[in-house]
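Chain by chain, the residues:
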Amino acid sequence: METINPKGILILSPFFSPNIGGVETHLSDLVEALNQKQIPSFVHTYQPTSSNNNSISKEILGQSTIYRHYIFPKNIFHFLESYPFLDFLYLTPLLAFHTFIWSLFNFSKFSTIHSHGLNAAIVGHLISKLFSKKHIISIHAVYENLPSNLFQKIIVYILNQSDAILSLS
């Protein structure tokens, strides 16, 4: 098969297999499709957040490398879902840190960032600006409980700055 893009795609998501859910299934399908087209992908995610189990921290599946970063405390995501600011503090800073450090040494391996969800979109926006990369955002949920404040304005700004928005909900 012919490679569409010689550089890879940096995929950001707080959730990935072995977590179980719609986002995780979608991302597994996406990684499989990229592998079939021989497009490298580099997934940055967390160890399972909805259980106390751990998974392989670095997994290679064909052209894809999945980096699962440790997050603490575990198994509190569903509680924090109702509190957008606490959810942001729980999921975003550590993903930003790990992705930034990895990108410093690997920025030439990818040309596009594909963020999944609002927390990953914030990280993807920062990385795309720092390393001059295209940024695609996939939204997997309906966000009805966003407060009308600075957080909402930041999200609207980031969405407007992206190269594409894919709404899956």
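In this text, all values refer to a predicted model and were calculated from it rather than measured experimentally. (Residues numbered from 1 in each chain as written. Predicted model: local features only at pLDDT ≥ 70, side-chain atom pairs only at ≥ 80, totals over all residues. Heavy atoms only, no water.)

Assigned secondary structure in the chain consists of five helices and seven strands. For the chain, the α and β elements follow one another from N to C terminus as β-α-β-β-β-α-α-β-α-β-α-β. Each of the 169 residues in the chain was classed as buried or not, and the buried ones make up 46%. For the chain, long-range pairs separated by at least 24 residues make up 65% of all intrachain contacts whose partners lie at least 6 apart in sequence. (Helix = DSSP H or I, 4+ residues; strand = E, 2+ residues; numbered from the N terminus. Buried < 20%, exposed > 50% of the residue type's maximum accessible area, 1.4 Å probe, protein only. Contact = heavy atoms within 4.5 Å.)

What follows is about the nonpolar core. Membership of the largest hydrophobic core comes to 19 residues, with the highest contact counts inside it found for L10, L91 and I127. Listing elements by their share of this core, those giving two or more residues are β1 (8-12), β2 (41-46), α2 (77-80), α3 (84-106), β5 (110-116) and α4 (118-131). With residues near it in sequence (within four places) discarded, L10 still touches F42, H44, T99, W102, S103, F110, T112, I113, H114 and I127. One finds I9, V23, I39 and I66 within the second-largest nonpolar core, a separate group that totals eleven residues. (Core = buried A, V, L, I, M, F, W, Y, C linked by side-chain atoms within 4.5 Å.)

What the seven strands build is an open sheet, ordered β3-β4-β2-β1-β5-β6-β7; its pairing is mixed. Because the sheet does not close on itself, it has two edges, and the strands there are β3 (58-61) and β7 (164-167). When the angles between neighbouring strand axes are averaged without regard to direction, this sheet yields 20 degrees. Pairing of β5 with strand β6 (residues 134-139), which is carried by five bridges, proceeds in the parallel orientation. Residue pairing for β6: T112 is matched across the bridge by K134. (Pairing = 2+ DSSP bridges. Axes fitted to C-alpha atoms, helices over the stretch in contact; angles between N-to-C directions.)

On the surface, L94, F97, F100, I101, L104, F105, L126 and L130 cluster together to form a nonpolar patch covering roughly 760 Å² of accessible area. For the nonpolar patch, the secondary structure elements donating two or more residues are α3 and α4. Among the elements that take part in the nonpolar patch, α3 stands out by supplying six residues, more than any other. Along the chain, the position of F100 falls in helix α3. (Patch = residues over 30% accessible without salt bridge, like charges linked within 9 Å, V, L, I, M, F, W, Y side chains within 5 Å. Areas by Shrake-Rupley, 256 points an atom, 1.4 Å probe, with all protein chains shown as cover. Salt bridge = Lys/Arg side-chain N within 4 Å of Asp/Glu carboxyl O.)

It is worth spelling out the pairing of β5 at this point. In terms of burial, β5 is largely enclosed, as six of its seven residues are buried. One ladder, built from five bridges, connects β1 with β5; its direction is parallel. Looking across to β5, one finds that L12 is bridged to S115.

Glancing now at the packing of α3 against α4. Their axes nearest at 8 Å, the elements α3 and α4 cross at an angle of 30 degrees. As the angle between them shows, α3 and α4 are arranged roughly parallel. In this structure, α3 crosses over α4, and the sense of that crossing is right-handed. Along its contact with α3, which presents D87, F88, L91, T92, L95, A96, T99, F100, S103 and L104, the element α4 presents N119, A120, I122, V123, I127, L130 and F131. Partitioning the contact of α3 with α4 into residue classes produces twelve nonpolar, four polar and one charged. (Parallel < 35°, antiparallel > 145°, perpendicular 65-115°, else oblique. Left-handed = near helix turned anticlockwise from the far one by under 90°. Nonpolar A, V, L, I, M, F, W, Y, C, P; charged D, E, K, R; others polar.)

Packing of α4 against helix α5 (residues 150-161) leaves a shortest axis separation of 10 Å and a crossing angle of 55 degrees. Between α4 and α5, the angle falls in the class oblique. Taken as a pair, α4 and α5 cross one another with a handedness that is left-handed. Two secondary-structure elements touch here, α4 through L118, A121, I122, H125 and K129 and α5 through F151, I155, Y157, I158 and Q161. Per-class residue counts for the contact of α4 with α5 are seven nonpolar, two polar and one charged.

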